[in-house]
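Structural description and commentary
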Amino acid sequence: MGRPSAIDVLRIPKVVNVQRIETEFAGRPLKIETGRLAKQAAGSALVQFGETVVLAAVTVSPNQSSLPFFPLTVEYREKTYAAGKIPGGFLKREGRPSDKEILAARGIDRSIRPLFPEGFKNEVQVFVTVLSADQQNDADILGVTAASIALTRSVIPWNGPIAGVRVGKVEGNWILNPTFQQLEFSTIDLTVCGGADSINMVEGGSLEVSEAEMLEALKVAQKGLRDILAITEKATKGKVEKLAWKKDEADPALVKRVKELAEKAIAQAINGKEKATRYGQVKKVKAEVAAKLAEEFPEAGRTIGNLLEEVEYVALRGQVLDKGERVDGRDLDTIRPIEITPAFLPRTHGSAIFQRGETQALVSVTLGTQDDEQRIDSIDVAGETTKSFMLHYNFPPYCTGEVKPVRGTSRREIGHGALAERALQPLLPAYDQFPYTLRVVSEILESNGSSSMATVCGGSLALMDAGVPMRAPCAGVAMGLIKEGKKVAILTDILGAEDHLGDMDFKVAGTEAGITSIQMDIKIDGLDLKIIAEALEKARKGRLHILGEMKKALPTHRADLSPHAPRIITIQIKTDKIGDVIGPKGKTIRGIQDTTGAKISIEDSGLVTIAAVGGEAGQKAREMVMALVAEPEVGKIYEGPVKSTTAFGAFIEIMPGVEGLLHISELQHGRVEKTEDVVKKGDVVKVKLLEVDERGRMKLSRKALIPKE
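Residues numbered from 1 in each chain as written. Predicted model: local features only at pLDDT ≥ 70, side-chain atom pairs only at ≥ 80, totals over all residues. Heavy atoms only, no water.

The helix and strand inventory of the protein stands at 15 helices and 29 strands. Taken against the 2.2 N^0.38 rule, which gives 27 Å for 709 residues, the C-alpha radius of gyration of the protein at 34 Å runs more than 25% over that of a compact globule. Its C-alpha atoms put the protein at 125 × 70 × 45 Å along the principal axes. Residues classed as buried in the protein amount to 50% of the 709 residues present. For the protein, the exposed surface amounts to about 34300 Å²; the carbon and sulfur share of it is 51%. Each charge sign in the protein was given a centre, from 95 positive and 96 negative side chains, and these centres are 2 Å apart. (Helix = DSSP H or I, 4+ residues; strand = E, 2+ residues; numbered from the N terminus. Rg over C-alpha atoms; globule rule 2.2 N^0.38 Å. Buried < 20%, exposed > 50% of the residue type's maximum accessible area, 1.4 Å probe, protein only. Areas by Shrake-Rupley, 256 points an atom, 1.4 Å probe, with all protein chains shown as cover. Lys, Arg positive; Asp, Glu negative; His and termini not counted. Charge placed at Lys NZ, Arg CZ, Asp CG, Glu CD.)

Structure below.
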């Protein structure tokens, strides 16, 4: 009897409370099961698409947290056994989550977080595990749907359900949940999560597509969401008794007193051109109000702080909605002043400072060789893959004037770096035209909103400063939203306070021609496409303004690379010559590297890559390699040592390891009695290659180079 398939495994005898749906979506089988696995969790769901399977399990604490925010944790983990692999490295088990796992967890978190009821403070954990990976269908998007089903079927209060889809476009055709192979030819890779009539999370990249095309992609995604939600509705039917909880309500007398003492003062304090001034003024008002209320309400310290935060929230939003005024004095569409300094660092291969308002990014570029590529072991593909472009984003505590413990790279830093990397990647030259490994590092030195978009702008400038021939400059802008009922205000280039107290953070990056990267997070239940369309158009205008400022500072990429950057020379040799270049146990290639200082790598295809700082070292290494692989040419003159002599002539090494016969009759004009009368072993002589016979034997002549008397 053969082994059961993943589909057959789901066909088990019916168990009490087990619900199972088998259908089709986007031309592939979709299967959903609840009530069978992880039954001690508050809720769980198994989702299978093709032969990719994910399990989502959710749990909740019975007690309210004392933290000032909703403590939600999302974990997304890929098991290597899911793809029939054993983890690489010394420890043969999964370790810390990869960047891809962290990005998937962030995507799920951003999709489900807005739908928890306001004031709910019980700690919630969502754990999504990839159990099977068919290396065609990505599991990350299934994790959103699985988490939604698990939450809907759990005791946890939640205003779902939602679903997640990925949208691609290949040769003009829209594709829902494209395979990895289809994505390689797609002009768009867009992840969209939301309900039947609203969208609450967008993440993706594209090849300079227009705002109209991006909006069309969102419409295709919305239809896909409706189709999936119609399917999941069957898997979540049946009433589930939700956890009893009660929102903490402050004493009405305290609420009244806080408003009396703080409303007018905070409404004035929140305004100011500089972040430090605004924060200082607001902090002073809050401290004064808290001190006045300490005697009246001695047990309400934390509650007073929360109520003051609420007063600030209402004041900022009301000012924008009622007056169209922002706290730094701008109108809704104005972008903060921009300052740009290219080539700021003397020894890096490229660098730039990009400052927008009080957000400052110092971005540097390093050019490396093929040996510097990042190696990635993933369950999504067979074998190991490599990555020749990396963007790393750092957000130290001092950039916001804070003191915080530093415990490695945060999830936020990984997410923002991936967003900026996705924006710049499509604009880089093809590897065969510019065979460098590129690493971009963004150091955020000051932050007051949209540091990831400052990274995009600074990264584009630093790459051009390094001489990388990009297709076009790239810029990014962050849009915000404040929505109260029918009152809606869309903000361009948001501040940190507008992000914190607003309803949306919508980042759009691209060129003059179109969008290359997009990300949207919201704090309300969802947005309709009309608001998203307006935000996209305002983002386009903002992006064009920023690109204009960048063009003033650096109109195009440098004509030459930095003198400190390696020069890369590529040579294509015959595959049967690879051994000649490498030599016995690598002796030959090491000798060339030691002699010239160049770095040499050879691919199985015969592509030789020579990297050296300075043109002379690279050129010398090239000449030495070419000498090893060069083919003798009839009629060409060579110079080489006499390796041996015989009665009928001498053998001359015209190339390393290549010898030809200089017959005694070709030594000179006239009769020669003995070879040694003209040349001896060790002599260096010039000869002409007369012919190469069918067996590869070479006939040389010294006589042909001597004038006849």
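Another point: the packing of aromatic side chains. By the definition in use, this model includes eight aromatic pairs. For the pair F648 and F651, a centre-to-centre distance of 6.4 Å together with 85 degrees between the ring planes defines the contact as edge-to-face. Members of the aromatic cluster, connected to one another through ring pairs, are F70, F116, F120, W158 and W245. Its guanidinium or amino end placed over the ring of F395, R412 lies 4.1 Å from that ring's centre, counting from NZ or CZ. (Phe/Tyr/Trp six-rings, centres within 6.5 Å; stacked < 30°, edge-to-face > 60°. Lys NZ or Arg CZ within 6 Å of the ring centre and 35° of its normal.)

Before going further, it helps to examine the sheet that holds strand β23 (residues 599-602). Within the open sheet, the three strands sit side by side as β22-β24-β23. Their pairing is antiparallel. Taken across any chain shown, the strands that pair with only one partner, and hence form the sheet edges, are β22 (567-572) and β23. Geometrically, the sheet is characterised by an average inter-axis angle of 15 degrees between neighbouring strands, direction not taken into account. Taken together, the four bridges between β23 and strand β24 (residues 607-612) define a ladder with antiparallel strand orientation. Counterpart to I600 in the pairing with β24 is I610. (Pairing = 2+ DSSP bridges. Axes fitted to C-alpha atoms, helices over the stretch in contact; angles between N-to-C directions.)

Close contact between helix α5 (residues 211-235) and helix α12 (residues 529-553) brings their axes to 10 Å; oriented N to C, the two are set at 155 degrees. Put simply, α5 runs roughly antiparallel to α12. The handedness of the crossing between α5 and α12 is right-handed. Touching E211, M214, L215, L218 and K219 of α5 are L529, I532, A533, L536, R540 and R543, all from α12. (Parallel < 35°, antiparallel > 145°, perpendicular 65-115°, else oblique. Left-handed = near helix turned anticlockwise from the far one by under 90°. Contact = heavy atoms within 4.5 Å.)

In this section: unusual backbone geometry. Cis peptide bonds are those with omega within 30 degrees of zero, and the linkage from G160 to P161 qualifies with 5 degrees. Residue placement: P161 occurs in the loop between α3 (140-152) and β7 (163-170). You will see that A26, though not glycine, has its phi angle at about 55 degrees, which is positive. Of note, A26 is situated in the loop between β1 (19-25) and β2 (28-34). On the basis of relative accessibility, which here comes to 36%, the residue A26 falls in the partly exposed class. A positive phi angle is found at A38, which is not glycine, with a value near 50 degrees. With respect to the helices and strands, A38 occurs in the loop between β2 and β3 (43-49).

Here we come to the nonpolar core. In this structure, I112, F116, L190 and F506 are the most contacted members of the largest nonpolar core, which totals 158 residues. The element contributing the most residues to this core is α5, with 11 residues. (Core = buried A, V, L, I, M, F, W, Y, C linked by side-chain atoms within 4.5 Å.)

Right, let's talk about the pattern of salt bridges for a bit. In total, this model carries 44 salt bridges according to the counting rule given. The residue R558 makes a salt bridge to D465 at a minimum N-O spacing of 2.9 Å. Of this pair, R558 sits in the loop between α12 and β22 while D465 sits in helix α10 (residues 451-465), and the two are 93 residues apart along the sequence. With a relative accessible area of 31%, R558 lands in the partly exposed category. (Salt bridge = Lys/Arg side-chain N within 4 Å of Asp/Glu carboxyl O.)

Glancing now at the side chain of Q48. Relative to the assigned elements, Q48 resides in strand β3. For Q48, a relative accessible area of 2% puts it in the buried group.

For β3 and strand β4 (residues 52-64), the ladder comprises seven bridges, and the chain directions are antiparallel. Opposite A45, over in β4, you have A56 as the bridge partner. The hairpin formed by β3 and β4 contains two residues between the paired strands, and G50 there has a positive phi angle of roughly 65 degrees. Here β4 runs beside strand β6 (residues 122-132); their pairing, made up of nine bridges, is antiparallel. Its bridge partner being in β6, Q64 is matched across the sheet by N122.

Our focus in this paragraph is the sheet that holds strand β13 (residues 359-368). Backbone hydrogen bonds are what pair the strands of a sheet, in a parallel or an antiparallel way. On the basis of which strands lie adjacent, the open sheet formed by five strands has the order β11-β12-β13-β17-β16 and mixed pairing. The open sheet terminates on both sides in strands that have one partner only, identified here as β11 (338-342) and β16 (389-394). This sheet shows a mean twist of 15 degrees between the axes of neighbouring strands, independent of strand direction. Note that β11 and strand β12 (residues 350-356) share five bridges and pair antiparallel.

On to helix α14 (residues 587-596), then. Among the residues making up α14, those that are buried are I589, I592 and T596. All buried residues of α14 fall inside an arc of 60 degrees around its axis, so they share one side. Facing away from the buried side of α14 by more than 90 degrees, the exposed set consists of K587 and D594. Buried residues in α14 make contact with α13 (578-582), β23 and α15 (615-629). A positive phi of about 85 degrees marks G597, the residue just after α14. (Arc of directions from axis to C-beta.)

Next up on the list: α15. Quick reminder: α-helices carry 3.6 residues per turn. Residues three or four places apart thus point the same way. For α15, spanning 15 residues, the distance from its first C-alpha to its last is 21 Å, which sits close to the expected 21 Å at 1.5 Å a residue. Every buried residue of α15 is listed here: A617, G618, A621, V625, L628 and V629. Down the axis of α15, the smallest arc covering the buried residues is 100 degrees, so these residues share one side. Buried residues along α15 sit in contact with β22, α13, α14, β23 and β24. (Expected span 1.5 Å × (residues − 1).)

When two helices pack together, their arrangement is captured by the angle between the axes and the distance separating the axes. The contact between helix α7 (residues 275-296) and helix α8 (residues 301-323) brings their axes to 10 Å, and the two run at 140 degrees. Between α7 and α8, the angle is such that the two are oblique. The handedness of the crossing between α7 and α8 is right-handed. Residues V282, K286, V289, A290 and L293 of α7 form the contact with α8, whose own contacting residues are I304, L308, E309 and E312.

Residues of the protein with pLDDT of at least 70 account for 97%, and the chain-wide mean is 91. Of all the helices and strands in the protein, helix α1 (residues 6-9) carries the lowest mean pLDDT, 42, while α10 carries the highest, 98. Across residues 4-16, where pLDDT falls below 50, the model places 16 contacts with residues more than four positions away in sequence or in other chains. (pLDDT = per-residue confidence, 0-100.)

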